[in-house]
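Architecture and fold: a report
One-letter residues, chain by chain:
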Amino acid sequence: MVFSTARRRAPILAIGAALALAACGPNHAPAPAVHTVVIDQLAFSPKATTANVGDVVVWVNKDILRHSATDPSGAFDVDLPAGATGKTVLKQAGSIKYACRYHPGMTGTISVAEKG
Amino acid sequence: MKRTIFALSGAGLIAIAGAAWATPGPTDPQIAHIAYTADSIDVAAGTQALAKSHNPKVREFAEEMVRDHTAVNDKALALVKKLGVTPQPNPTSAGLQSQATAERAKLAKLSGAAFDKAYVANEVAYHKTVNGALEQTLIPSAQNGELKSLLQTGLKLFQEHQAHAEQLAGGLR
């Protein structure tokens, strides 16, 4: 099991270490991590993302062109007009190979692990 | 400050196919005109394809061309306005335009699968030509940083389009 080192001000990361958090007030579920994927010059960056179920991917389109982040198996399809941002909640574990629906050469991957 | 950027002398002709000339490269106003013309040509080709083709994949590709090249041209127009540059017609942009007009006339006579094949084959060739010009002449010659950066985005875009066109051409054989 992995213990996160108890960094001050980051108790939400201390999964499985609730006993050590007596001073933190009421328990709440671990906050999902946010992974940002930027689109710039027709490329997703980072190209590979590792996440857990429940995490959020924020897509930021910095291009002057319309893009999308599309999972061909249908888990998500986020339309991203020029300059737009979008959000995807990762609901299932697995390996996703996504692409831009408009520019098939733009691809990326997300590997989603079960939580805990 | 901006004035000095454009104070280049000698309106050297450029060879679109990449032949090396000893004359100076194109000036920024000329580059802007070439880039704008190159984008407009592909928008016109895409519009023609949308009027003629019934193949969903070809139509999807043509929509992509119209959408992307219109976006780049909107940005280019905004940039030249901001910089106070007037795009300057030149032999390279005129050459591109006359070739494109001839190609469009040729494509106008075709229909169905023959049109689709010819349109996509021309898109492959056209994007290759423009990529070569961007890489070898236009980007290295551009003086203004913002213009250079827009051309670099244009190059990525044309490369992606070329790959898409090649993939599509493979499927039409």
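Note that the coordinates shown come from a computational prediction; the quantities given were computed from them, not determined experimentally.

1. Details of the packing of helix α2 (residues 28-52) of chain B against helix α6 (residues 145-172) of chain B
Residue and element names in this part refer to chain B. At their nearest, the axes of α2 and α6 sit 11 Å apart, and the two run at 25° to each other. By the angle between their directions, the pair α2 and α6 is classed as roughly parallel. Read as a crossing pair, α2 and α6 show a hand that is left-handed. Contact with α2, carried on its side by D28, I31, A32 and A35, involves L147, L151 and G154 of α6 and no other residues of that element. For the contact of α2 with α6, the residue count by class is five nonpolar, one polar and one charged.

2. Points about the interface of chain B and chain A
Taken together, the contacts link 13 residues of chain B with 10 residues of chain A. Only α3 (56-83) and α6 of chain B provide two or more residues apiece to the side of chain B that touches chain A. Of all the elements, α6 of chain B adds the most residues to the side of chain B that touches chain A, at seven residues. Across the side of chain B that touches chain A, the residue classes tally to four nonpolar, three polar and six charged.

3. Topic: the sheet that holds strand β7 (residues 85-89) of chain A
Residues and elements named next belong to chain A. Pairing in this open sheet of four strands is mixed, and the strands run β2-β1-β4-β7 from one edge to the other. Unpaired on one side and paired on the other, β2 (44-45) and β7 mark the two borders of the sheet. Bridge count between strand β1 (residues 34-39) and β2: two bridges; the pairing is antiparallel. Each residue of the ladder has a partner; that of V38, found in β2, is S45.

4. Some remarks on helix α4 (residues 91-108) of chain B
Residue and element names in this part refer to chain B. Over its 18 residues, α4 runs 26 Å from end to end, which matches the ideal 26 Å to within 8%, given 1.5 Å per residue. Taken residue by residue, α4 has T92, S93 and L96 as its buried positions. Along the long axis of α4, the arc covered by the buried residues comes to 90°, so they all point the same way. Counted as exposed and oriented over 90 degrees from the buried face of α4: S98, T101, A102, A105, K106 and A108.

5. Some details on the nonpolar core
Ranked by size, the top nonpolar core spans 52 residues in total, and within it W59 of chain A together with I31, A32, A35, V58, L138 and L151 of chain B carry the most contacts. Excluding residues that lie within four positions of it along the chain, L138 of chain B makes contacts with I31, I34, A35, A133 and L151 of chain B.

6. What about the environment of I110 of chain A?
All names here are of chain A. Mapped onto the elements of the fold, I110 is located in strand β9 (residues 107-113). According to the C-beta neighbour criterion, I110 is buried, with 23 such atoms within 10 Å. Residues I110 and P32 lie 78 residues apart in sequence; the distance between their C-alpha atoms is 15 Å. Among residues more than four places away in sequence, those in contact with I110 are T49, A51, V57, L90, I96 and Y98.

7. Quick notes on the confidence of the model for chain B
Residues and elements named next belong to chain B. Taken as a whole, chain B shows an average pLDDT of 88; of its residues, 87% reach a score of 70 or greater. Counted against residues more than four places away or in other chains, residues 1-22, with its pLDDT under 50, gives 40 contacts. What the predictor reports for the complex is a pTM of 0.78 with an ipTM of 0.77.

8. Looking at the environment of H127 of chain B
All names here are of chain B. Mapped onto the secondary structure, H127 falls in helix α5 (residues 112-141). Among the residues examined, H127 registers 23 C-beta atoms within 10 Å and is labelled buried. What H127 contacts, discounting residues up to four positions off in sequence, is F158, H161, Q162 and A165.

9. Describing the environment of A75 of chain A
Residues and elements named next belong to chain A. The topology assignment puts A75 in the loop between β5 (67-70) and β6 (77-80). Through-space distance from the C-alpha of A75 to that of V34 is 18 Å; in sequence the pair is 41 residues apart. If sequence neighbours within four positions are ignored, A75 has contacts with Q92 and I96.

10. Some words on the pairing of β6 of chain A
All names here are of chain A. The alternating pattern of β6 places V78 and L80 on a buried face, while none of D77 and D79, on the opposite face, is buried. Bridging between β5 and β6 involves four bridges; their strand directions are antiparallel. Each residue of the ladder has a partner; that of T70, found in β6, is D77. Here β5 folds back onto β6 in antiparallel fashion, the turn holding six residues, of which G74 has a positive phi close to 100°.

11. Looking at unusual backbone geometry
All names here are of chain A. Across the junction of S45 and P46, the peptide omega takes the value 0°, indicating a cis bond. Position of P46 relative to the elements: it lies in the loop between β2 and β3 (48-52). If you check the backbone angles, Q41 has positive phi at about 50° while not being a glycine. Position of Q41 relative to the elements: it lies in the loop between β1 and β2. In this structure, L42 takes a positive phi of about 55° despite not being glycine. With respect to the secondary-structure elements, L42 resides in the loop between β1 and β2. The buried category is assigned to L42, around which 21 C-beta atoms lie within 10 Å.

Conventions and cut-offs
- Residues numbered from 1 in each chain as written.
- Chains lettered and ligands numbered in written order.
- Predicted model: local features only at pLDDT ≥ 70, side-chain atom pairs only at ≥ 80, totals over all residues.
- Axes fitted to C-alpha atoms, helices over the stretch in contact; angles between N-to-C directions.
- Helix = DSSP H or I, 4+ residues; strand = E, 2+ residues; numbered from the N terminus.
- Parallel < 35°, antiparallel > 145°, perpendicular 65-115°, else oblique.
- Left-handed = near helix turned anticlockwise from the far one by under 90°.
- Contact = placed C-beta atoms within 7 Å.
- Nonpolar A, V, L, I, M, F, W, Y, C, P; charged D, E, K, R; others polar.
- Pairing = 2+ DSSP bridges.
- Expected span 1.5 Å × (residues − 1).
- Buried ≥ 20, exposed ≤ 12 C-beta atoms within 10 Å, placed from the backbone.
- Arc of directions from axis to C-beta.
- Core = buried A, V, L, I, M, F, W, Y, C linked by C-beta atoms within 7 Å.
- pLDDT = per-residue confidence, 0-100.

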